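Commentary on secondary and tertiary structure
Single-letter residue listing:
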Protein chains: 2
Amino acid sequence: MSESFDAVDVIITKRGRGELSDGQIDWVIDAYTRGAVADEQMSSLAMAILLNGMNRREISRWTNAMINSGERMDFSSLSRPTADKHSTGGVGDKITLPLAPLVAACGVAVPQLSGRGLGHTGGTLDKLEAIPGWQAAMSNEQMMRQLEDVGAVICAAGDGLAPADKKLYALRDVTGTVEAIPLIASSIMSKKIAEGTGALVLDVKVGSGAFMKNVEDARELARTMVDLGTDAGVRTVAMLTNMQVPLGLTAGNALEVRESVEVLAGGGPEDVVELTLALAREMLAAAGRGDVDPADALEDGRAMDAWKAMIRAQGGDPDATLPVARETHEVLAPADGVLTELDALKVGVAAWRLGAGRARKEDPVQAGAGVEMHAKPGATVRAGEKLLTLHTDTPERFERALESLEGSFTIAPEGSRPDLLPLVIEKIS
Amino acid sequence: MSESFDAVDVIITKRGRGELSDGQIDWVIDAYTRGAVADEQMSSLAMAILLNGMNRREISRWTNAMINSGERMDFSSLSRPTADKHSTGGVGDKITLPLAPLVAACGVAVPQLSGRGLGHTGGTLDKLEAIPGWQAAMSNEQMMRQLEDVGAVICAAGDGLAPADKKLYALRDVTGTVEAIPLIASSIMSKKIAEGTGALVLDVKVGSGAFMKNVEDARELARTMVDLGTDAGVRTVAMLTNMQVPLGLTAGNALEVRESVEVLAGGGPEDVVELTLALAREMLAAAGRGDVDPADALEDGRAMDAWKAMIRAQGGDPDATLPVARETHEVLAPADGVLTELDALKVGVAAWRLGAGRARKEDPVQAGAGVEMHAKPGATVRAGEKLLTLHTDTPERFERALESLEGSFTIAPEGSRPDLLPLVIEKIS
């Protein structure tokens, strides 16, 4: 960085709805990472960005500056193309688990760097850590070898990728500046681009259980991220998908692994199968293998084989018995009728409170905790039938979980139909 | 503080253009003063306030919360009414020096807590410290006694008044959040209200040399401050006054003391005399002595007597020779004509660079440094005549001072007239 700027000038530019220059953006990200721009200056700038926005050039430069703050991975020496998927997070969203081995089984390598959960959405690593022996940490060399041998890796992102984003995200979390589309988009995309994937499919969730509560905001976020990926030479598409209702019939770590294995075995809930196949098709197409039908790999067991190889390669036993929570509590249907609503956020908060998630980064999670759903919207239910089963090792948690489930479902007279968005709402490319 | 809030919730409320509740405001100011709300949270909130505003109730509550963070002075036991003046700061603004003793000579006590200068506007204490022996620091008891005996005190504000404002102002200074009218108004008024004056006259400067560059912003700031004073039971009026051109013929510490003494002796530049009398009349009226004409006290020497008594009471020698800078440099008129412009900001920056002001709080100032003006807009000048004399102890400063003076004046053909705002633009009460 040869040119130097003044933090207050940068803030005042954005405060006045001005455009930040490339030099200002490069400098402020680098200086913040080095500690030469203080937290209180960056948070004030983040608020100005949240309220006054950034244009495509600014967001693209901001993303690049965050990428340049750290190392960049490169999978171009692999013998097959790469494709990655990123979900903006939802309740019961275990799609990465069946999807990565499925796409690998179709000939495209999946280098999936994932995170742990915070709040009501589960983390992919937390889910896989429910499998006895499975390890999230890998060196770049191990990752490369596994991608060549097995075709899929799901592991923890190293500290070297986009350290500016790590610092900025922690700051935004405590300063009311998370909900800025330019900052959300650049945060996600800086990590995904630094990761070096050739193609990327973004699953942008919409609804109560998602970060984006309405289609318009989700569309803007998706469009911004697709533009960023495209500008960086990554073939990127985004799907807006429904998160008004939890995905599948489980929310919780071991519970979701079990359901993912059911899908890989050719069964599992319809919505999980549908979304897994839809995202697999997009990943294959983006990686230049649009001719391959992933449904075949699911049916003939190749996806399951890839799953087992992937789990074993990271120390896990794919055939081991999964942890089960010590205590359960059943929620029964209070009336006959049609289940028309099952709120994703409320179910997610219940699973979190039962021990499946964490409130602070350093908290442990319970492998067996979570919520099992016995019916999804559209189903006919009878009074007294099981609707939900709550799982936890610590039964004192039932009370607060039940509180969060108040008003979480609606049973309407027979003949009613749920009024929900489709599972796949639209595609942006 | 019994109720507790979450800093992120408070930030998100204001970010979304919501109104902060009384409880939120009381909590956030108290928690920030205690360190329970972090700098990076307060700066993000300050930016949200700057961009989304606060209503009258919020500003009033915010001001009160800052007052309540410290001690409050009380002059109600004095035998005479009190009135104070506050200027938002300008170049050559020495008005406090003749004004305080003049108003005291008319029977109204003036408890003037002042500050030191930062940037291009001079500080009242820096000016008075040019007088040999004069001391700015006083205890509350000394202040009380001097108000009773002499009628006027100009001294440094103690650390006990509105400590929340002190902390917040330092934060705003480095986070691009100074220019928020609700925050400027509450910063000024929290100190003035805590100071315990019964009446207050605000001199809100407008023009290049002032903080407010246009009449609309100045009017909004003045109106906000008058409302705050009124809500707090302080009889408050504001005058919008011209700061396109420096006040008087000097900008610099000892130079301005000399000019102030000329005014007290019945002479001095017309604009300084006019503004001193206009503000004195407002202070007397606000303190219930609207029947007294301050011009009499200036003419008959009572104001000068009060000045000498005030300076002596604080250890100064009013008859001592004032410091003179070691070096001078003259700027000559380049052409014949009428001086139509003399930019306040440029002259202020030159005086600052010559050593009259400081860039950081801990910097020293030169007593003798500054800019002396030999003509003001409207005057006819001849090529080669002295226009400005620059004074400094450190001649290496002339170069940068001269740079800042580039384009500072305009000489137009004879018969031209300056296009300037009147000295007193309007009154808001």
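You'll find the structure just up there.
**Concerning the pattern of salt bridges**
Residues and elements named next belong to chain B. The full count for this structure, using the stated rule, is 64 salt bridges over all chains. Asp227 is paired through a salt bridge with Arg56; the nearest N and O atoms lie 3.6 Å apart. In this pair, Asp227 is assigned in helix α10 (residues 215-231) and Arg56 in helix α4 (residues 56-68), connecting sequence segments 171 residues apart. A residue is classified by how much of its surface remains accessible, and Asp227, at 16% relative accessible area, is buried. Given a relative accessible area of 44%, Arg56 falls into the partly exposed group.

**Focus: empty space enclosed by the protein**
Evaluated as defined, the whole model comprises three cavities of 30 Å³ or more. Here the largest cavity defines a volume of roughly 120 Å³. Secondary structure elements with two or more residues in the lining of the largest cavity: β6 (250-252), α11 (253-264) and α15 (344-356) of chain A. Residue contributions to the lining of the largest cavity peak at four residues, all from α15(A). Class assignment of the residues belonging to the lining of the largest cavity gives a composition of five nonpolar, 10 polar and three charged. No fewer than three residues from each of domain 2 (83-313) and domain 3 (327-412) of chain A sit in the lining of the largest cavity. Volume-wise, the second largest cavity comes out at about 110 Å³. Along the wall of the second largest cavity there are 18 residues; nearest its centre are His120(B), Thr121(B), Gly122(B), Gly252(B) and Glu256(B). Elements supplying a minimum of two residues to the lining of the second largest cavity: β6 (250-252), α11 (253-264) and α15 (344-356) of chain B. It is α15(B) that contributes the most residues to the lining of the second largest cavity, four residues altogether. When the residues that make up the lining of the second largest cavity are grouped by side-chain class, the tally is five nonpolar, 10 polar and three charged.

**Re the sheet that holds strand β13 (residues 424-428) of chain A**
Residues and elements named next belong to chain A. An order of β1-β4-β5-β13 is seen for the four strands of this open sheet, with the pairing classed as mixed. Strand pairing shows two members of the sheet lacking a second neighbour, β1 (83-87) and β13, which therefore form its edges. Taken pair by pair, the neighbouring strands of this sheet meet at an average axis angle of 20°, ignoring direction. Judged from the eight bridges that link them, strand β4 (residues 199-206) and strand β5 (residues 235-242) form a sheet pairing that is parallel. In the strand pairing of β5, Lys205 is matched with Thr241. Where helix α9 (residues 181-194) meets the sheet, its contacts fall on β1, β4 and β5, and the angle it forms with β1 comes to roughly 160°.

Definitions and limits used
- Residues numbered from 1 in each chain as written.
- Chains lettered and ligands numbered in written order.
- Predicted model: local features only at pLDDT ≥ 70, side-chain atom pairs only at ≥ 80, totals over all residues.
- Heavy atoms only, no water.
- Salt bridge = Lys/Arg side-chain N within 4 Å of Asp/Glu carboxyl O.
- Helix = DSSP H or I, 4+ residues; strand = E, 2+ residues; numbered from the N terminus.
- Buried < 20%, exposed > 50% of the residue type's maximum accessible area, 1.4 Å probe, protein only.
- 1 Å grid on protein atoms, 1.4 Å probe; cavity = no way out; pocket = protein on both sides within 12 Å on 5 of 7 lines; lining within 4 Å.
- Points joined across faces, edges and corners; volume = space filled by probe spheres on them.
- Nonpolar A, V, L, I, M, F, W, Y, C, P; charged D, E, K, R; others polar.
- Domains from an automatic or database assignment.
- Pairing = 2+ DSSP bridges.
- Axes fitted to C-alpha atoms, helices over the stretch in contact; angles between N-to-C directions.
- Contact = heavy atoms within 4.5 Å.

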